[in-house]
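Single-letter residue listing:
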Amino acid sequence: MTNYHFPKIDLHLHLDGSFRTETLYRLARERGITLPGGTLEGYRKFLYDCSGAESVNEYLKMFDGPTQVLQDADSLSVITEELICDLAGYGVRYAEIRFAPQLHTAGQLSQSDAVEAVLKGRASGLKKNPGIHVNLITCMMCVGPETANWDANMETVEVCRRYFSDDGVVALDLAGAEGIVPLANFAPLFEKAREYGLNLTCHAGDSQDWRTVRDAIGFGVSRIGHGHHIYENPELVRKAAEKGIFLEICPTSNVQCRTRESYAMHPAKNLLQMGIPVTINTDNMAMARVTLDDEYDHCLNEMGFTMNDLICMNINSANAAFMKDDLRKQIIAELQSYLKD
Ligand SMILES: [Zn+2]
């Protein structure tokens, strides 16, 4: 089920945005929860309508349903396992699935329980699909002023440290709404994470301008989620290129959230040419109704990329990935064999 036969990598993929709608609907019914739209078809229409939202913060409303449903270990394990099966079916070789443990503690689960449940789903998903490698990223959340959930975010740092390995939970992220308070307010959380030696990525420069990318780079991250608004500050682009900061670009998400006008107007290709190691990812497969193949189609048909660019960007992804070095070497060697002169 793919038109792109080189090893594909997805580094930016949210668990609670990449479920099968029929599964979420079934899990909701079993738990006595009514999803927006009422029926399965109605729920699909709701997601479709929201995906044409006016802003990122509007778009985030789509996550209310999954957040309501995914409050027990079984549901988290099931959707994790299914997502790995889906990715394997799309021919993805390596993926990093991210989720915010604190969003799954409204019932009986602690943040650690949520991580355990996702790890369990990962284990069964990998067992069924031995050809794919998958690691996990735990996200802190921006839900308002940084004080709103400071303790929960600090707990996520601790939980990430507890489970941190090179085969399971591999990094920490900050996700959620942008621009409510300056991103720099979250610096002490990243300081703690750095002290623990955690791998770091951070959402920035999507709905907000280049200043948030500058702040995120200041946190000591090696990767930025989105980050495309760095383009409006060429000096910062130069500095980021020098530092080798990877951008996790998610074209369809950017177009749907209207943080970029269209695929054709997206600066990803220019950023690649300016020396930024760009990577291409899906963000939310269910909400955006995309696979990596779809994103690559947009790359080739509308965004100015060539097939060699796609392979080079997957090499960037392999270099950016929080994966074991032997796997990295193997994937890069395979990707290089697909490059054409
Ligand atoms: Zn994201």
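Read on for an overview of the structure. (Residues numbered from 1 in each chain as written. Predicted model: local features only at pLDDT ≥ 70, side-chain atom pairs only at ≥ 80, totals over all residues.)

### A few points about the packing of helix H1 (residues 21–30) against helix H2 (residues 40–50)
And then number 1: Close contact between H1 and H2 brings their axes to 10 Å; oriented N to C, the two are set at 120°. Viewed along their axes, H1 and H2 adopt a mutual orientation that is oblique. For the pair H1 and H2, the sense of crossing is right-handed. From H1, Thr21, Glu22 and Tyr25 reach across to H2, where they touch Leu40, Tyr43, Arg44 and Leu47.
And then number 2: Looking at side-chain class alone, the contact of H1 with H2 contains four nonpolar, one polar and two charged residues. (Axes fitted to C-alpha atoms, helices over the stretch in contact; angles between N-to-C directions. Helix = DSSP H or I, 4+ residues; strand = E, 2+ residues; numbered from the N terminus. Parallel < 35°, antiparallel > 145°, perpendicular 65-115°, else oblique. Left-handed = near helix turned anticlockwise from the far one by under 90°. Contact = placed C-beta atoms within 7 Å. Nonpolar A, V, L, I, M, F, W, Y, C, P; charged D, E, K, R; others polar.)

### Digging into the packing of helix H7 (residues 150–163) against helix H8 (residues 187–195)
And then number 1: Running from N to C, H7 and H8 cross one another at 15°; their axes reach a closest spacing of 10 Å. Relative to H8, H7 is oriented roughly parallel. Handedness of the H7/H8 crossing: right-handed. Within the contact between the two elements, H7 uses Asn153, Met154 and Val157 and H8 uses Leu189, Lys192 and Ala193.

### What to know about the pairing of strand E2 (residues 92–99)
And then number 1: Counting buried residues in E2 gives eight out of eight residues, a clear majority hidden from the surface.
And then number 2: Alignment of strand E1 (residues 8–14) against E2, held across five bridges, turns out to be parallel. Its bridge partner being in E2, His14 is matched across the sheet by Arg98.
And then number 3: With six bridges connecting them, E2 and strand E3 (residues 133–142) associate as parallel partners. Across the sheet, the residue bridging to Arg98 is Ile137, located in E3. (Buried ≥ 20, exposed ≤ 12 C-beta atoms within 10 Å, placed from the backbone. Pairing = 2+ DSSP bridges.)

### Thoughts on the sheet that holds strand E6 (residues 223–226)
And then number 1: Pairing is parallel in the open sheet, where four strands are placed in the order E5-E6-E7-E8. Of all the strands in the sheet, just strand E5 (201–204) and strand E8 (278–280) have a single pairing partner and so form its edges. Between one strand and the next, the sheet's axes are offset by a mean angle of 30°, whatever the strand orientation.
And then number 2: Note that E5 and E6 share four bridges and pair parallel. Bridging from a neighbouring strand, Cys202 pairs with Ile224 of E6.

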